[in-house]
Amino acid sequence: MTTLAYTLRQRLVRYDELIACRTAFIDARTPGSDQKENFTIIGPGVAENPGQHVHVRIPHGFNIGAARQPKGCINSQHSHVSEEVFMVHRGAWRFMWGEDGSDGDITLHEGEVISIPINVFRGFECVSDEPGFLFAILGRDDPGHVTWAPYVFEQARDHGLVLLESGRLFDTVEEGDLPHDDRACAPTSADEAAAMRRMSADEMRRCVIRQNDYRASINSAIAQRAKGVTEAPILGPANAAEHIDEGEVATPHGFVFRRLSLQAHACIPPHTRAEEEVLFVHQGEVEICVNDARFVLREGDTFTTPIGAVRSLRESDAQPACVFVVRRGDMPVAPLWLDQANVAVR
């Protein structure tokens, strides 16, 4: 294997190679929340356990993570300082918002997306009989720390977990007394909790993209070059350079989120991009060719393509495929296509 191929292989995170952390957050021992598996796929993420495995550490301007939970397992109410976007890959998930989750709730199914604004308490629960899997995006290279609802600290303390001011999770059961050079983080105060944004059911519904909401474009820069491929805008403003309309959620996120649908045998020809591009295979199977390396991506696999690398993509299983795409920035540059002589053309 060449050095280049090895480097590219490190950018491929297969679903069955994901390394989970079951003690990533302060609620890891709280009954009802103690069966979570958290994954940090790209970027540092927001895990409070320094032992959380990071699959790809290359800064992208956003973070990619995931959660896998059995039925009834709850991720406690919390907030972030950057947008948090979820796509349901497997199962059904109920999202609750408000300090104690009572402001409202909404259930999403496979292939559906929710973008939750900053400074909103949210939690989520797998409600399907089979374990569910969420693909997640957090904005910024450094997405900051989690802000937990006040009740989360109380429950965690009863089970021996303390969040330190440094942002690290400390286990008093296994580690004993708190370290001398750090202190327990003060729980979120009532005033701080009251200052969080409250959202109505209508406001939150406008943050959700259902299966019937996707507007598959055959006119985007990608779709125009690739027969049998459509590109649906999910998040981000309209972009004339890419010939694509605004997403169902058009507010800037610092990244765009798209859905590529490939018919059987469809192929996206060789091209380059000026920003990071992350692919997550939701359905089917695709082969990606990057410079001199080829990889078959299957359901649940994640691949991040280097800036400027020549890449092409094709459906490889004679079945329709669905690939979700994250690109850095609110206005990605148009792809640069290569003709048969490897001369870049617009």
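Note that the coordinates shown come from a computational prediction; the quantities given were computed from them, not determined experimentally.

Parameters and conventions
- Residues numbered from 1 in each chain as written.
- Predicted model: local features only at pLDDT ≥ 70, side-chain atom pairs only at ≥ 80, totals over all residues.
- Heavy atoms only, no water.
- Phe/Tyr/Trp six-rings, centres within 6.5 Å; stacked < 30°, edge-to-face > 60°.
- Buried < 20%, exposed > 50% of the residue type's maximum accessible area, 1.4 Å probe, protein only.
- Lys NZ or Arg CZ within 6 Å of the ring centre and 35° of its normal.
- pLDDT = per-residue confidence, 0-100.
- Contact = heavy atoms within 4.5 Å.
- Core = buried A, V, L, I, M, F, W, Y, C linked by side-chain atoms within 4.5 Å.
- Helix = DSSP H or I, 4+ residues; strand = E, 2+ residues; numbered from the N terminus.
- Pairing = 2+ DSSP bridges.
- Arc of directions from axis to C-beta.
- Salt bridge = Lys/Arg side-chain N within 4 Å of Asp/Glu carboxyl O.

Asks: Just checking my understanding: could you explain the packing of aromatic side chains for this structure?
Replies: The geometry of an aromatic ring pair comes down to the distance between the two centres and the angle between the two planes. Taken as a whole, this structure holds 13 aromatic pairs when the rule is applied. Ring centres of F295 and F303 lie 5.8 Å apart, and the angle between their planes is 40°; on these two criteria the pair is classed as tilted. Judged by its relative accessible area of 10%, F295 is buried. Here F303 falls in the buried class, since its relative accessible area comes to 0%. In this arrangement the basic side chain of R259 is found over the ring face of Y214, its NZ or CZ atom lying 3.9 Å from the centre.

Asks: Hey, could you run me through the confidence of the model for the protein in this one?
Replies: Segments scoring low in pLDDT should not have their predicted coordinates read at a detailed level. Counting all residues, the mean pLDDT for the protein is 94, and 96% of those residues have values of 70 or more. When the criterion is pLDDT under 50, residues 1–6 qualifies, and its contacts beyond four places in sequence or with other chains add up to six contacts.

Asks: Looking at this structure, how should I read the nonpolar core?
Replies: What tends to happen in soluble globular proteins is that the nonpolar side chains get buried as a cluster. Residues I64, V113, I137, F257 and V326 are the most contacted members of the largest nonpolar core, which totals 28 residues. Of all the elements in the fold, those that place two or more residues in this core are β2 (37–42), β4 (62–69), β6 (84–90), β11 (132–139), β16 (229–235), β17 (255–262), β19 (277–283) and β24 (321–328). Those residues in contact with F257 that sit more than four places away from it in its chain are V85, M87, V113, F135, I137, A232, P233, I234, L235, F324, V325 and V326. Grouped together as the second largest cluster of nonpolar side chains are 24 residues, L262, A266, L297 and W337 included.

Asks: Looking at this structure, I do not really get the pairing of strand β9 (residues 113–116). What am I missing?
Replies: Side chains V113 and S115 of β9 all project onto a buried face; the interleaved residues I114 and I116 project onto the opposite face, where all are buried too. By the bridge criterion, four bridges tie β6 to β9 in an arrangement that is antiparallel. Paired with M87 across the bridge in β9 is V113. Sheet topology note: the β9/strand β15 (residues 208–209) ladder contains two bridges and is antiparallel. Counted as the bridge partner of V113 is I209 from β15.

Asks: Just checking my understanding: could you explain unusual backbone geometry for this structure?
Replies: Working note: non-glycine residues mostly have negative phi, and peptide bonds are mostly trans. One non-glycine residue, N291, adopts positive backbone phi at about 50°. For N291, the position within the fold is in the loop between β20 (286–290) and β21 (293–297). Classification of N291 as partly exposed rests on a relative accessible area of 39%. Unusually for a residue other than glycine, A318 sits at a positive phi of about 55°.

Asks: Is there a simple way to think about helix α2 (residues 150–158) in this case?
Replies: Because an α-helix completes one turn every 3.6 residues, residues spaced three or four positions apart along the sequence face the same direction. Every buried residue belonging to α2 is among P150, V152, F153 and A156, and all of these are buried. Each buried residue of α2 lies within a common arc of 160° when the element is viewed along its axis, so the set occupies one face. Looking at the packing, one finds that the buried side of α2 touches β5 (74–79), β12 (147–148), β13 (161–163) and α4 (190–194). A positive phi of about 85° marks G160, the residue just after α2.

Asks: How should I be thinking about the sheet that holds β15 in this particular structure?
Replies: Backbone hydrogen bonds hold the strands of a sheet together, and the pairing may be parallel or antiparallel. Spatial ordering of the open sheet is given by β3-β2-β4-β11-β6-β9-β15, a layout of seven strands whose pairing is mixed. Whereas interior strands pair on both sides, the edge strands pair on one side only; in this sheet they are β3 (54–56) and β15.

Asks: When you look at the sheet that holds β17 in this model, what are you seeing that I'm missing?
Replies: Taken together, the six strands give an open sheet; going across it, the order is β1-β22-β19-β24-β17-β16, and neighbouring strands pair in antiparallel fashion. In this open sheet, the two edge strands, each paired with only one partner strand, are β1 (12–13) and β16. Sheet topology note: the β1/strand β22 (residues 302–305) ladder contains two bridges and is antiparallel. Each residue of the ladder has a partner; that of V13, found in β22, is T302.

Asks: Is there a simple way to think about the pattern of salt bridges in this case?
Replies: Between side chains of opposite charge, a pair can form when the charged atoms approach closely. All told, the structure shown has 29 salt bridges when counted by the stated rule. Residues R14 and D301 are paired through a salt bridge, measuring 2.7 Å at the closest nitrogen-oxygen approach. On the criterion of sequence distance, the pair formed by R14 in the loop between β1 and β2 and D301 in the loop between β21 and β22 is long-range, its members being 287 residues apart. Looking at D301, the relative accessible area reads 3%, which means it is buried. The partner of E165 in a salt bridge is R183, with the nearest N and O atoms 3.2 Å apart. Here E165 is found in the loop between β13 and β14 (169–171), whereas its partner R183 is found in the loop between α3 (172–175) and α4, with 18 residues between them in sequence.

Asks: Help me understand the pairing of strand β10 (residues 122–126), please; the structure alone is not making it clear to me.
Replies: On a regular strand, each side chain points to the face opposite its neighbour's, so the side chains alternate between the two faces of the sheet. Most of β10 is tucked away, with five of its five residues classed as buried. Burial along β10 is two-sided: the face carrying R122, F124 and C126 and the face carrying G123 and E125 are both buried. Alignment of β5 against β10, held across three bridges, turns out to be antiparallel. If you follow H78 over to β10, its bridge partner there is R122.

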